[in-house]
Structures are given as C-alpha cells and as structure tokens.
Amino acid sequence: MKRLLAYEVREPGEGHCVIAFASNSATARREGGNELNCSFSEVESCNRRPQFDQYAPGPVPKTVLIEHGWWFECHHCSRRVSDDMQQEAEDEGEEYEHLEAVTDGDAIYCSHSCVMEEFVERRARKAAEVALIEFFAATHPDCLIESVWVSRAPLQGPDRLGHAQALLYFKFPGAQHCATFTFGEDRMRVTVVDLHAYYTWRGIQMPTTEAP
C-alpha cells in the first residue's frame, strides 16, 4: 500500500483550503476539491505539505495548523483564532492574556471562557427544547411533533425561553405537511394544501372568498 502524503488543496473563491491525504497529487486534488465543493478543474492549487505527513490519514489538529499560519473562527464568538491572535487583540486595545486556542472535538475556540459559555448555552438550549416539547405535547396531545429548533440567543433556564426564538414543527390530524408553532405567538404557520384540515382540526369554520 502506497504511503499517504499531505497536500494543501485551495479553492479559488474565498481562499479556503484543506489538507488532503493521498498517494498522489491528482487524488488529493480530487478529494480535497470534493471537500471544498469544487470540481477537479476548479481547484486553485494543490501543493505538498510534508510537515503534515505524520498526521496521515488525518485530520491534522487545528492547533498544529494554526502554528503553521492557518486561522479559524472561534466556534462561539467568531473571533479569528490564529497565531497572531494575542497581538491583534493588543493592537485593538483589548485584554489578551486569556486568549488561547482551545479545541473541543472538531470545534475550536479563542479561549476557555468561550468553551464554557458555549457549554452553558448548549445546555440552556437543550433545556428550552425539552420545555417546548413538553408544553406543546400537553396543549396539543393529538399532534405528532417532528422537531424543534431554539436559537442561540441568551436563554433563561428550562421553563423560560427569554429572547430566544423557538420553533416547533409538527403534524396535526389530517395534515400532509409539517406546520410551524412559534413560541410566544398566537398563530401557527400551515401550508395552503393543509388549510382545510387545519380548520377542521381546530373546529373553526374556514373563511370563504367571494368571486370578483
């Protein structure tokens, strides 16, 4: 079996790049292009990066890539995480002693503070999702809940959604498509084809329109 070598594959649009491991340049160009949503011919460049060979078959740790000039966005605050991060913060007059590239799985953060804030928000969103499901299931027990979504806005615990937007997607009896329930609103969003079934389900007379 041929040894896997590291190649830096770059796309032409915004200069995004990936490290692809392959036995030859053509394979790296194709596989790296696929990862960047580029065709083989659209790839801007595909160059050897022997300093990353030791990490085959990949991925290369993001902290290692940063040491070699790469940068990423903080998964929580979107700050540019790079080897020059502290200097950039100092140039902007910000405190920088706490800044440090930290990884958590596939995510990278600019500090341990952002790791903890993301953890707290994630726990709060999960609690809000559970609360929303329990609320809707209790008030509409005849519906089938498909999924829920809560924004990453600050939350206020499992029984309060604060300023976060919270959506629940569900099917009511007779519906062909999912309807949308938005927490804090008095109305539901229903597709046109399900309007008759919706009014029947709610026990409301469907409005009639007069011909012009």
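This section reports on the structure supplied with the text. This one's a predicted model, so the numbers in the text were calculated from it and none came from an experiment.

**Let's talk about the sheet that holds strand β3 (residues 45-48)**
No. 1: Reading across the sheet, the three strands line up as β2-β1-β3 and stay open at both edges, with antiparallel pairing between neighbours. Bordering the open sheet on either side are β2 (17-22) and β3, each of which pairs with just one other strand. Across the sheet, the mean angle separating the axes of adjacent strands is 30 degrees when strand polarity is ignored.

**What about a negative patch on the surface?**
No. 1: A contiguous patch of negative charge, built from E90, D91, E92, E95 and E97, is present on the exposed surface.
No. 2: Following the sequence through the fold, E97 ends up in the loop between α3 (85-91) and β6 (102-104).

**Here's the deal with helix α4 (residues 112-139)**
No. 1: Between its first and last C-alpha, α4 extends 41 Å over 28 residues, near the 40 Å set by a 1.5 Å rise per residue.
No. 2: Among the residues of α4, C114, V115, E118, A124, R125, A128, E129, L132 and F136 are the ones counted as buried.
No. 3: Next to the buried residues of α4 lie β6, β7 (107-109), β8 (144-150), β9 (166-171), β10 (179-182) and β11 (188-189).

**Some thoughts on the pattern of salt bridges**
Charged atoms that come close allow side chains of opposite charge to pair.
No. 1: One pass over the structure, following the stated rule, counts nine salt bridges.
No. 2: Two residues, R10 and E8, come together in a salt bridge whose shortest N-O distance is 3.2 Å.
No. 3: Accessibility expressed as a relative area gives 24% for R10, which makes it partly exposed.
No. 4: Where R189 meets E185, a salt bridge forms, and the shortest distance between an N and an O atom there is 3.4 Å.
No. 5: Here R189 falls in the partly exposed class, since its relative accessible area comes to 37%.

**Considerations on a nonpolar patch on the surface**
No. 1: A cluster of nonpolar residues, M116, F119 and V120, forms a patch on the protein surface that exposes about 290 Å² of accessible area.
No. 2: Along the chain, M116 turns up in helix α4.

**Topic: the pairing of β9**
No. 1: When β8 meets β9, the two strands line up antiparallel, connected through six bridges. Pairing of L144 across the sheet is with K171, part of β9.
No. 2: Summarising the sheet, β9 and β10 pair through four bridges and their orientation is antiparallel. Residue F170 lies in a different strand from β10, and its bridge partner there is A179.

Each value, and the rule that gives it
Residues numbered from 1 in each chain as written. Predicted model: local features only at pLDDT ≥ 70, side-chain atom pairs only at ≥ 80, totals over all residues. Heavy atoms only, no water. Pairing = 2+ DSSP bridges. Helix = DSSP H or I, 4+ residues; strand = E, 2+ residues; numbered from the N terminus. Axes fitted to C-alpha atoms, helices over the stretch in contact; angles between N-to-C directions. Patch = residues over 30% accessible without salt bridge, like charges linked within 9 Å, V, L, I, M, F, W, Y side chains within 5 Å. Areas by Shrake-Rupley, 256 points an atom, 1.4 Å probe, with all protein chains shown as cover. Salt bridge = Lys/Arg side-chain N within 4 Å of Asp/Glu carboxyl O. Lys, Arg positive; Asp, Glu negative; His and termini not counted. Charge placed at Lys NZ, Arg CZ, Asp CG, Glu CD. Expected span 1.5 Å × (residues − 1). Buried < 20%, exposed > 50% of the residue type's maximum accessible area, 1.4 Å probe, protein only. Contact = heavy atoms within 4.5 Å.

Interpretation note: all reported values are geometric properties and have no functional meaning in isolation.
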